[in-house]
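Structural overview
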Amino acid sequence: MNKKMIISLISGVAVCLSSAFMVGAAHAQSWPTKPIKFIVPYPPGGGTDVIARIVQEPLAKELGQQVIIDNRGGAGGSIGSALAAQSPSDGYTVLFTLSSHTINPAFYPRLPFDTEKDFSPVVTIASLPQILVANPNFPAKNVKEVIEMAKAKPGSISYASVGNGSPGHLAGAMMATDAGVDMVHIPYRGGGPAITDVIAGQVPLLWVSIPAAAQFVKSGKVKALAVSTVKRSAVFPDVPTMAESGFKDFEVDSWYAMFVPASTPKPIVERLNKAALKVLAQPEVKEKLLSQGAEAVGDSPSQLGAVVKKEIAKWKQVVKAANIKVD
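Please read all numbers here as calculations on a predicted model, not as lab measurements. (Residues numbered from 1 in each chain as written. Predicted model: local features only at pLDDT ≥ 70, side-chain atom pairs only at ≥ 80, totals over all residues. Heavy atoms only, no water.)

**A few points about the overall build of the protein**
In plain terms, the rule: Labels follow the DSSP assignment, with helices taken as runs of H or I lasting at least four residues and strands as runs of E lasting at least two, numbered in each case from the N terminus. The quantity called the radius of gyration is restricted to C-alpha atoms. Its globule counterpart is 2.2 Å times the number of residues to the power 0.38. Note on exposure labels: buried denotes an accessible area under 20% of the residue type's maximum, exposed denotes more than 50%, and partly exposed covers the range between, all computed with a 1.4 Å probe on protein chains only. We call two residues in contact whenever any of their non-hydrogen atoms come within 4.5 Å of each other. Accessibility throughout is a Shrake-Rupley quantity obtained with a 1.4 Å probe, and a residue counts as covered only by protein chains that appear here. His is not counted, nor are the chain ends; Lys and Arg add positive charge and Asp and Glu add negative charge. Where a charge lies is defined by one atom per residue type: Lys uses NZ, Arg uses CZ, Asp uses CG and Glu uses CD.
When you go through the protein residue by residue, the secondary structure sums to eleven helices and ten strands. The globule rule puts the C-alpha radius of gyration for 327 residues at 20 Å, and the 22 Å found for the protein is close to it. Dimensions of the protein, computed from the C-alpha atoms along their principal axes, are close to 80 × 45 × 30 Å. Per-residue burial for the protein yields a buried fraction of 52% across its 327 residues. Taking all contacts inside the protein whose residues are at least 6 apart in sequence as the whole, residues at least 24 apart take part in 79%. A total of about 14900 Å² of accessible surface is found on the protein, and carbon and sulfur atoms cover 55% of it. Charge centroids of the protein, computed over 32 positive and 25 negative side chains, lie 5 Å from each other.

What follows is the structure in structure tokens.
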């Protein structure tokens, strides 16, 4: 291939790339022209659903289009995530999920999607602790007493979570592993069904995000025993951390974030990010998030992408080292 042919080829590629960018930019300028769908891979009433609904209307106003929430619970968020991954890359389908997005690959090596390759990160909405709650009639008043009960009767204490591979599942498994006790994990299809069964006494304990449990803790329908982060929750400052409960270096953060199918035009991703950042800067939105124990975050697509990459590696190592199994 001579020099002229090489130059011609390079010029052709450059023109194609430039045209593709112009098409994407033009699409972004007109986007959105119809309602945007949030696929929330958990049932109504859970933490992910609660956080999504806090930003739903403000984001709709910012974008000038309706935002519709489509709850698709099951398999620790994998069912809804797979549906989002298979959706058109046009900016009208958004996966609104939690940090189980980076935990699931450690539990499910054969997910129907690639967590990194099939999604483009948009923005982290909020972060918060997991909270361990119990039925009010459960005898243990704190984590120490839970462990004592579990040691006295191995396998007799069960705990629920929003699903296999969820932050709550990981928190419960770490608690049992670190304490050297045998506890039974009961996965649910979301925080709403799980908290309902804890209130009814069907299962004694639940590790769940604070938004799913906050109103029930405040009303006394469940009692809070501990939070999973290194510092106490601003919403429940009297609830001790797991570290204060005798579990050194125990930390399981939960975050909520927005993703779109891979190949969604970059200008659309950037516009959606900017709109979300404006929403998260609103005092009333921050206040609503804080009332649920969540702290508004707001970051760039690249920053969220770096978190995803780092946490996938982290949780694979933790799950392997602790030999945590999916029930």
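**Observations concerning helix 8 (residues 210-218)**
In terms of burial, helix 8 is largely enclosed, as seven of its nine residues are buried. Along helix 8, the residues that are buried comprise Ile210, Pro211, Ala212, Ala213, Ala214, Phe216 and Val217. Buried residues along helix 8 sit in contact with helix 2 (47-63), strand 4 (119-134), helix 7 (191-200), strand 7 (205-209), strand 8 (223-227) and strand 9 (253-261).

**Digging into the packing of aromatic side chains**
The following threshold applies: Centre distance within 6.5 Å is the pairing criterion for rings of Phe, Tyr and Trp, where only the six-membered ring of Trp is used; planes under 30 degrees apart are then read as stacked, over 60 as edge-to-face, and the remainder as tilted.
Summed over all chains, the structure comprises six aromatic pairs. Relative to tyrosine 92, the ring of tryptophan 31 lies with its centre 6.2 Å away and its plane at 55°, an arrangement referred to as tilted. Taken together, the residues span a long stretch of sequence, with tryptophan 31 in the loop between helix 1 (3-30) and strand 1 (36-40) and tyrosine 92 in the loop between helix 3 (78-85) and strand 3 (93-98) at a distance of 61 residues. The residues tryptophan 31 and tyrosine 92 share a single accessibility class, namely buried. Geometrically, the ring pair formed by tryptophan 207 and phenylalanine 250 is stacked, given 6.2 Å between the ring centres and 20° between the ring planes. Of the two residues, tryptophan 207 sits in strand 7 while phenylalanine 250 sits in the loop between strand 8 and strand 9, which places them 43 residues apart along the sequence. The exposure class of tryptophan 207 is buried, given its relative accessible area of 0%. Take phenylalanine 250: its relative accessible area is 1%, and that puts it in the buried class. Site record: aromatic cluster; members linked through ring pairs are Phe113, Phe119 and Phe259.

**Notes on the pattern of salt bridges**
Put simply, the rule is: By definition here, a salt bridge exists when the distance from a side-chain nitrogen of Lys or Arg to a carboxyl oxygen of Asp or Glu is within 4 Å.
In the structure shown here, the tally under the stated rule is six salt bridges. Between arginine 232 and glutamate 244 there is a salt bridge, with its nearest N and O atoms 2.9 Å apart. Taken as a pair, arginine 232 in the loop between strand 8 and strand 9 and glutamate 244 in the loop between strand 8 and strand 9 lie far apart in primary sequence, twelve residues in all. Residue classification places arginine 232 among the partly exposed residues on the basis of a relative accessible area of 37%.

**With respect to the nonpolar core**
For clarity, the threshold we go by: Throughout this description, the term nonpolar core refers to a set of buried Ala, Val, Leu, Ile, Met, Phe, Trp, Tyr and Cys residues connected via side-chain atoms within 4.5 Å.
If you look at the biggest cluster of nonpolar residues, it comprises 59 residues, and the most contacted ones within it are Phe38, Val55, Phe96, Ile125, Met258 and Leu272. Considering each element in turn, this core owes the most residues, eight residues, to helix 2. The residues touching phenylalanine 38, leaving out its near neighbours within four places in the chain, are Ala52, Val55, Leu59, Val67, Ile68, Ile69, Asp70, Val94, Phe96 and Met258. In this structure, Ile147, Met174, Met175 and Phe247 belong to the second largest nonpolar core, which totals 32 residues.

**Examining the side chain of aspartate 90**
What counts is decided by this rule: Here a polar contact is taken to be a pair of N or O atoms separated by no more than 3.5 Å, where protein atoms must pair a possible hydrogen donor with a possible acceptor and residues adjacent in sequence count only if both atoms sit in side chains.
Within the secondary structure layout, aspartate 90 lies in the loop between helix 3 and strand 3. Despite its burial, aspartate 90 pairs with no opposite charge, the nearest such side chain being lysine 34 at 4.5 Å. At 3.1 Å, the side chain of aspartate 90 forms a polar contact with the backbone nitrogen of tyrosine 92.

**A closer look at unusual backbone geometry**
Cis geometry is found at the peptide bond from tryptophan 31 to proline 32, where omega equals 0°. Here the phi dihedral of aspartate 249 falls at roughly 65°; this positive angle occurs in a residue that is not glycine. Tracing the sequence through the fold places aspartate 249 in the loop between strand 8 and strand 9. Overall, aspartate 249 belongs to the exposed group, its relative accessible area being 68%. For serine 263, which is not glycine, the phi torsion reads 75° and is therefore positive. Here serine 263 lies in the loop between strand 9 and helix 9 (266-280). By relative accessible area, serine 263 is classed as exposed at 66%.

In short, geometric facts, not functional conclusions.
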